[in-house]
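Read off the chains here:
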Amino acid sequence: MAVSFPLKAEPGRKEDFQTAVKIAGQVLNAASGEPLIGADVLVAGTNYGASTDTRGAYFIENVPVGIYTIRVQMMGFSEAEKQGVQVIEDGTARVDFKLRPKVIQFGSLIVWGDRMGKTFWENPASVQVISHKEIERSAGQNLGELLKNQPGLYVYDTGGNAGSKTISVRGSHANQVLILVDGVKLNSAQNNLVDLSSIPLGEIDYIEILKNGGSTLYGSDAIGGVINIVTRKNRQSRQKLELQAGSGSFGLRQASGGFLLKWGSVQTRVNFQRRFSLGNFPYRSLFGRRQIRGNNRFRDLNLFFQVTHASILGGKWYFSGQWYRAKRGVPGALRQLTPEAALTDRRGLFQSGWTVLLNRWESLEWTAYFQKFVQDFYSPTPWVFVPISSQYQNEAYGVDIKSRTYFSEKQTLILGGSFRVDQMTGTDRIRPLFSIGRVKRNTTGGFGLFQWELPLPDNPLFQNIFLAPGVRGDWPSDFEATSSPSFGISLNHKGPVRISLKGTWAKTFRAPTFNSLFWVEDVFARGNPDLHPERGVNRDAGVEMSGRLWGDWTGSVHFFNNAVKDLIYWRRGYDGKYMPVNVKAANLSGREESVSFKSAGDYLELNWSRMYLLAINHSGERNTEGRILPFRPKHTENFSARVQGGNLFVKITYRRVSKRFTREANTKFIKGYKIIGVSTGINFLFGKLRLQLQGNVHNVMNTTYEILERYPMPGRSYQLQISVKL
C-alpha cells in the first residue's frame, strides 16, 4: 500500500507557510509562578480548545480567522479570560494566563485549590506524564504501540498484529509492573501480566508513569514501577463525536469511535474499537529461508462507557465499564509451532468512584470495582504428544478509600486503605486431574504519605525543599504481613531555567502469582508452593531542568538502582520441565537521560532519550553469578522528530536496542536492532468538522529482528487511517 497526498503550491504564496496552530500560550499559578497542568483553555462560543501539558503550555489548532474571547478554567483557581484575541491566516496568537488560587464553595464545604502543577514539578519521584495531545499525535492504535518509544520503557512483543505486548520499566520483568486504570489494579493474580494491545487509546486522557517502586501507595506488584491510565472522566470535552477507520498490511482492518452526551450535571461517554487482521507475514527462518508466519490471525471488540455526575451528596461520582473480547491464533515459537492453536480472551471491568469535600481542609475519595477475566486456550495438534484445552477464570473485587488533609498550602497528609479479593479457577478439559482448581487470596492494606514544602528564603540557589515520607502495610491471606516505607526529597530552583534535584528511596515487594504457586505438574512445567515474595529496595537520584529558548526545553538525568531479593525466575530443570525458583538476589542499575524541545508555534518537536542498564544476577551459583539477566538490553535509545507546516505534518521515529542474552549463563543471545518509522498526515477543517488523513510506515528499512527468542517480528508494514471529529 502506498500513501501520497498530492499538494499544489505556488512559490511565494503565504499559504505555503501557514501554521495549523492558531492560538498558543502558557498558564501559570499567579501565586507561585508554577505551570498548571490540565487547565482547560477554550475559545468562547466554539468547540475549539486544548488542555495544558506538564509545562503549562497549550496549543489550539485550526481556528478560523477572526476575533475571539479566550477563556481558561481549572478547579481551585479563579477563571480568567482575554477578549479581542485576533487569529490571522499566517501566524500564531500568543495568549498567556496567570490564575489566582481560590477557595471553592460547595454549599457549606470549601477546600483549597489543587496544586497539581507544583506537586508534579516538585514531586521527588521519577514521574513521566504522557498528555492527551501526545496520545492523539502518536501513530499507535493501542497502549503497547504508544509506550514502546518512551524513555526507560521496553515493550516485549511476540510479533505481528496478533502478538501480545507486555512492558518492562528500567529492566524489571513485565509481571513486576503495576498497570492501573483510574487507580484500580488491572493485573490478575494468575500471572500478573497485562496485554497492552488490549487497551485502546480512544478513552485515555493522560498516562502517568512512575519509574520508582510504588509499593508505598499501591502495595504488591509495583516492584518495578507503575503505569496509571487516567480516563477522560474529568475533561471538559469539546468533541461530541469521534470516528476513525483504517487498513494496513497483513489484512489489518479497524474502526473506532465514540460520542459524548450531556444532560445537566450528567455526562455520558461511549467508546468502541473493532479490529481484524489475517496477521500472516513473511520472515526469515533460523536457516535464512523466507517463510510465512502462519496462524497469526486476530480479531477483537472493545466497548467502554462512563457516566459522571457533577453533584451527588456534595461530591462528584462516576461509573464506568469495559467489555473486551478477542480471539487470536497462537503460532508458537519457531521449532515449536502450533499451527492450529487459538486463544480467546473475555474481560469485563466495572468500577465506581465518588469524591467529596468533607470540610475546608479534608477530602475523601472512594472507589469500588469488580473485574472478571476468562481465557480459553485450545491446541488440537498434539505438541510433545499432548493436545491442550484449558480455561482460566480470574475474578477480582475490592474497595479503595483515600483521604487528603490540607494542614496548609504547604502541608498535605494522604491516608488510604484497601481491601481486595483475587480468585482463580483453572480447568484442564482434557485431563481434569491436572486442573489447578480454585485458589483465592485476600489482601488488606493501608498507607500514609506526608507531603511537606519548606521555603528556603535565604538560599540563593534553591527556593524550597519538598519532603515526602510514607509507609504502607499489607496483610495477604497466604503470606506474612509486609511493610513498605519510602522517602523522597527534592530541592527546587525557580527562574528562567527551572532546576529540580530529586532523590527517592523505597522498599517494595511482589507476591508470587497463582501460576507459579499452584501449577499442577505436567510434561511442560510444575509450580512451586514454597516460593517467597520478591522484595526490593529502589533508589533514584536525578536532576530535571526546563527553560525557554526559541521554544520550550526540558531535560533530565536519573541514576537508578533496584536491588531485588528472592527474584522469581522460571528455570528449566534437568528433566526439561520449567519450575519457578527464588534467585538469591539481582541488581538492576543504570542511567536514564532525556531531552525534549517544542518550538514556539508548535512547528517542530524533538524528543531524545537513552538508557544504560546493567541487570546483574547474584544467584551465588557458579554458572549464573555475575551474569546479565536474560532479555534485558544494556542499551536502548529513542529519537523522534515531528515537523508541522500548515495542515501537513511529518513524524520520524528511531529506536535502537542492543543485544539481549536468552540464557542465565549468557551462552546465547539475540542480536540488537534499529527500527525507523515514518508517519505523515494532513488536516482539513469544514466548519466544526475536523478531518484527518494519516499514513504510517513501520520498520522502514525492513529490518529482520526478534524481541523475544524465536518470535520473529514483521518487516516493513503500512497503515492508512482517516479520522473525523465533530
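Note that the structure is a prediction, hence the values are computed from the model and not measured.

A.B. asks: Quick question: what am I supposed to make of the overall build of the protein chain here?
C.D. replies: Regarding its fold elements, the protein chain presents 5 helices and 46 strands. Taken over the C-alpha trace, the protein chain has a radius of gyration of 26 Å; the compact-globule value for 726 residues is 27 Å, and the two agree within 12%. Oriented by its inertia axes, the alpha-carbon framework of the protein chain measures out at about 80 × 60 × 50 Å. Put simply, the protein chain has 726 residues, and 54% of those count as buried. Counted over contacts in the protein chain with a minimum sequence separation of 6, partners at least 24 positions apart contribute 63%. Of the roughly 31,600 Å² of accessible surface on the protein chain, a fraction of 59% belongs to carbon and sulfur atoms.

A.B. asks: Honestly, the sheet that holds strand β3 (residues 49–51) in this entry has me stumped. Any pointers?
C.D. replies: The strand order β3-β2-β5-β6 describes an open sheet built from 4 strands, whose pairing is antiparallel. Both edges of this open sheet fall to β3 and β6 (80–87), since each of them pairs with a single strand only. Direction aside, neighbouring strands of the sheet carry axes that sit 20 degrees apart on average. Pairing analysis gives 3 bridges linking strand β2 (residues 40–43) to β3, with the strands arranged antiparallel. Directly across from Leu 42, in β3, lies its bridge partner Gly 49.

A.B. asks: For this particular structure, what's the right way to read the sheet that holds strand β15 (residues 184–185)?
C.D. replies: Two pairing modes exist for strands in a sheet, parallel and antiparallel, and in both the strands are linked by backbone hydrogen bonds. Overall, mixed pairing links the 5 strands, which are arranged β11-β16-β17-β14-β15 in an open sheet. Whereas interior strands pair on both sides, the edge strands pair on one side only; in this sheet they are β11 (127–130) and β15.

A.B. asks: Honestly, the packing of aromatic side chains in this entry has me stumped. Any pointers?
C.D. replies: Two measures describe an aromatic ring pair: the distance that separates the ring centres and the angle between the ring planes. As enumerated under the stated definition, the model contains 11 aromatic pairs in all. The interplanar angle of 50 degrees and the centroid separation of 6.1 Å between the aromatic rings of Phe 514 and Phe 518 together place this pair among those described as tilted. With Phe 514 and Phe 518 both in helix α5 (residues 514–518) and 4 residues apart, the pair spans about one turn of that helix. Exposure remark for Phe 514: the relative accessible area of 1% places this residue in the buried category. Measuring from ring centre to ring centre gives 4.5 Å for Trp 553 and Phe 597, while their planes differ by 40 degrees; the resulting arrangement is tilted. Separated by 44 residues along the polypeptide, Trp 553 in strand β35 (residues 551–572) and Phe 597 in strand β36 (residues 578–599) bring together distant segments of the chain. The exposure class assigned to Phe 597 is buried, which follows from its relative accessible area of 9%. Put simply, the rings of Phe 407, Phe 450 and Trp 452 touch in pairs and so form one group of aromatic residues. In this arrangement the basic side chain of Lys 82 is found over the ring face of Phe 97, its NZ or CZ atom lying 5.3 Å from the centre. One residue, Lys 659, lies across the ring of Phe 669, its end atom 4.7 Å from the ring centre.

A.B. asks: When you look at the pattern of salt bridges in this model, what are you seeing that I'm missing?
C.D. replies: Where charged atoms from two side chains of opposite charge come close, those side chains can pair. Applying the stated criterion across every chain, the model contains 39 salt bridges. Here Glu 480 and Arg 535 are joined by a salt bridge, their closest N and O atoms 2.8 Å apart. Residue Glu 480 is located in the loop between β30 (464–476) and β31 (482–483), and its partner Arg 535 is located in strand β34 (residues 534–548); the two are separated by 55 residues in the primary sequence. A salt bridge links Asp 575 to Arg 526; the shortest N-O distance between them is 2.7 Å. With Asp 575 in the loop between β35 and β36 and Arg 526 in the loop between α5 and β34, the pair connects residues that are 49 residues apart, well separated along the chain. Relative accessible area serves as the criterion here: at 45%, Asp 575 is assigned to the partly exposed category. What you see here is one network of salt bridges that share partners, running through Glu 61, Lys 133, Arg 137, Asp 602 and Glu 605.

A.B. asks: What is the right way to look at unusual backbone geometry in this model?
C.D. replies: Most peptide bonds adopt trans geometry, and most residues besides glycine take a negative phi value. Despite not being glycine, Phe 631 shows a phi value in the positive range, around 65 degrees. For Asn 666, which is not a glycine, the phi torsion comes out positive at approximately 60 degrees. Residue position: Asn 666 is located in the loop between β40 (660–661) and β41 (669–670). The exposure class of Asn 666 is buried, given its relative accessible area of 18%.

A.B. asks: Help me understand the environment of Val 127, please; the structure alone is not making it clear to me.
C.D. replies: Along the polypeptide, Val 127 turns up in strand β11. Judged by relative accessible area, Val 127 falls into the partly exposed class, the value being 24%. In this structure, the C-alpha to C-alpha distance between Val 127 and Ile 227, residues 100 residues apart in sequence, is 9.9 Å.

A.B. asks: Just checking my understanding: could you explain the nonpolar core for this structure?
C.D. replies: Across soluble globular proteins, nonpolar side chains show a tendency to be buried alongside one another. By size, the foremost hydrophobic cluster in this structure holds 24 residues, and its most contacted members are Leu 143, Leu 147, Ile 167, Ile 179 and Ile 207. Those elements that provide at least two residues to this core are α3 (143–147), β12 (153–157), β13 (165–169), β14 (177–181), β16 (204–210) and β17 (225–231). Among residues more than four places away in sequence, those in contact with Ile 207 are Gln 128, Val 129, Ile 130, Ile 135, Leu 143, Leu 146, Ile 227 and Asn 228.

A.B. asks: Can you walk me through the side chain of Asn 638 in this structure?
C.D. replies: Tracing the backbone through its elements, the reader meets Asn 638 in strand β38 (residues 635–645). There is a polar contact of 2.6 Å between the side chain of Asn 638 and the side chain of Arg 655. If sequence neighbours within four positions are ignored, Asn 638 has contacts with Lys 148, Asn 149, Gln 150, Pro 151, Asn 607, Trp 608, Ser 609, Tyr 654 and Arg 655.

A.B. asks: Looking at this model, I keep getting lost on the confidence of the model for the protein chain. Mind explaining?
C.D. replies: Across the protein chain, pLDDT averages 88, with 92% of residues at or above 70. The low-confidence segment residues 103–119, where pLDDT is below 50, has 44 contacts with residues more than four positions distant or belonging to other chains.

A.B. asks: Hey, could you run me through the environment of Lys 659 in this one?
C.D. replies: Here Lys 659 is to be found in the loop between β39 (648–657) and β40. Note on Lys 659: relative accessible area 38%, which makes it partly exposed. Apart from residues lying up to four places away in sequence, Lys 659 is in contact with Pro 633, Lys 634, Phe 669, Ile 670, Lys 671 and Gly 672.

A.B. asks: Help me understand the side chain of Arg 420 in this model?
C.D. replies: Positionally, Arg 420 belongs in strand β28 (residues 411–428). Side chain to side chain, Arg 420 and Tyr 369 meet in a polar contact 3.2 Å long. Leave out the neighbours within four places in its chain, and Arg 420 touches Lys 185, Asn 187, Tyr 369, Gln 371, Ala 396, Tyr 397, Gly 398, Arg 441, Asn 442 and Thr 443.

Basis of the calculations
- Residues numbered from 1 in each chain as written.
- Predicted model: local features only at pLDDT ≥ 70, side-chain atom pairs only at ≥ 80, totals over all residues.
- Heavy atoms only, no water.
- Helix = DSSP H or I, 4+ residues; strand = E, 2+ residues; numbered from the N terminus.
- Rg over C-alpha atoms; globule rule 2.2 N^0.38 Å.
- Buried < 20%, exposed > 50% of the residue type's maximum accessible area, 1.4 Å probe, protein only.
- Contact = heavy atoms within 4.5 Å.
- Areas by Shrake-Rupley, 256 points an atom, 1.4 Å probe, with all protein chains shown as cover.
- Pairing = 2+ DSSP bridges.
- Axes fitted to C-alpha atoms, helices over the stretch in contact; angles between N-to-C directions.
- Phe/Tyr/Trp six-rings, centres within 6.5 Å; stacked < 30°, edge-to-face > 60°.
- Lys NZ or Arg CZ within 6 Å of the ring centre and 35° of its normal.
- Salt bridge = Lys/Arg side-chain N within 4 Å of Asp/Glu carboxyl O.
- Core = buried A, V, L, I, M, F, W, Y, C linked by side-chain atoms within 4.5 Å.
- Polar contact = N/O pair within 3.5 Å; in protein donor to acceptor, adjacent residues only side chain to side chain.
- pLDDT = per-residue confidence, 0-100.

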